[in-house]
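The chain contents come next:
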Amino acid sequence: MTKTFTENDLVRFLYDELSKNEKSALEQALLTDTDLQTQLDQLRAVQGDLNNVQFSPSKRSVNKILDFSKGYHKQSV
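To keep things clear, this report deals only with the structure shown in the data block. Along each chain, residues carry numbers from 1 onward, in the same order as the chain's sequence is written. The predicted nature of this model means local features are confined to residues of pLDDT at least 70 and side-chain atom pairs, given and counted, to a pLDDT of 80 or more, with totals for whole chains, interfaces and linings taken over all residues. Think of the side-chain values as coming from all heavy atoms in the structure, minus any hydrogens and water.

**Observations regarding a nonpolar patch on the surface**
Residues Val46, Leu50, Val53 and Phe55 make up a contiguous nonpolar surface patch of roughly 440 Å² in combined accessible area. Numbered from the N terminus, helices here are DSSP runs of H or I no shorter than four residues, and strands are runs of E no shorter than two. By secondary structure assignment, the location of Leu50 is in helix 3 (residues 34-51). The patch calculation keeps residues exceeding 30% relative accessible area without a salt bridge and links them within 9 Å when they carry like charges or within 5 Å when they are nonpolar (Val, Leu, Ile, Met, Phe, Trp, Tyr). All accessible areas in this document rest on Shrake-Rupley with a 1.4 Å probe, and a residue is counted as covered only by the protein chains that are shown. Here, a salt bridge means any Lys or Arg side-chain nitrogen found within 4 Å of an Asp or Glu carboxyl oxygen.

Written out as structure tokens, the structure is:
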């Protein structure tokens, strides 16, 4: 019986979240399935892009937090 692997399986593979049996079966499938290999390569690229993303809040958000903080201090005193 041939197992069909999903994108979710590949993501779990990338993050080392598969059981030993699942990982072994997926590795075997990758040896012969070029479409699966391509999909894994694309997900690896996305994973790399996500690891390089840097988030920072907008000035508006920071100012709202600071304004709220100033008001909170006045209320608690």
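**Some points on empty space enclosed by the protein**
Cavities and pockets are defined on a 1 Å grid built over the protein atoms alone: a cavity is a set of grid points where a 1.4 Å probe fits but cannot escape, while a pocket is an open set with protein on both sides within 12 Å along at least five of seven lines, and lining residues are those with an atom within 4 Å of any such point. Grid points are joined across faces, edges and corners, and a volume is the space filled by probe spheres set on the points. Inspection of every chain in the model, using the stated rule, returns 1 cavity of 30 Å³ or more. Taken as a whole, the largest cavity holds about 30 Å³ of empty space. Lining the largest cavity are Lys3, Phe5, Asp9, Leu18, Glu22 and Leu26. Under the scheme applied, nonpolar residues are Ala, Val, Leu, Ile, Met, Phe, Trp, Tyr, Cys and Pro; charged residues are Asp, Glu, Lys and Arg; polar residues are all the others, including Gly. When its residues are assigned to classes, the lining of the largest cavity shows 3 nonpolar, no polar and 3 charged.

**With respect to the nonpolar core**
Counting residues in each nonpolar core, the largest one holds 11 residues, listed as Phe5, Leu10, Phe13, Leu14, Leu18, Leu26, Ala29, Leu30, Leu36, Leu40 and Leu43. For this core, the elements supplying multiple residues, two or more each, are helix 1 (7-14), helix 2 (20-32) and helix 3. Among all residues touching Phe5, those that are not within four sequence positions of it are Glu22, Ala25, Leu26, Ala29 and Leu36. In this text, buried Ala, Val, Leu, Ile, Met, Phe, Trp, Tyr and Cys residues form a nonpolar core when linked through side-chain atoms within 4.5 Å. The cut-offs for exposure are 20% and 50% of the maximum accessible area for each residue type, with area from a 1.4 Å probe on protein chains only; residues under the lower value are buried, those over the upper are exposed, and the others partly exposed. Here, two residues are considered to be in contact whenever any of their heavy atoms come within 4.5 Å of each other.

**Here we look at the packing of helix 1 against helix 3**
Inter-axis angles, ranging from 0 to 180 degrees, are taken between N-to-C directions of lines fitted to C-alpha atoms, where helices are fitted over the stretch in contact. Interhelical geometry of helix 1 versus helix 3 gives an angle of 55° and a closest axis separation of 10 Å. For the element pair helix 1 / helix 3, the angle class is oblique. Once helix 1 is placed against helix 3, the crossing between them reads as right-handed. Each of Glu7, Leu10, Val11, Phe13 and Leu14 in helix 1 lies in contact with helix 3, whose residues at this interface are Leu36, Gln39, Leu40, Leu43, Arg44 and Gln47. Residue classes in the contact of helix 1 with helix 3 are distributed as 7 nonpolar, 2 polar and 2 charged. What sets the label is the angle itself: under 35 degrees gives roughly parallel, over 145 gives roughly antiparallel, 65 to 115 gives roughly perpendicular, and the rest give oblique. Note: crossing handedness is left-handed where the near helix turns anticlockwise from the far helix by less than a right angle, and right-handed where it turns clockwise.

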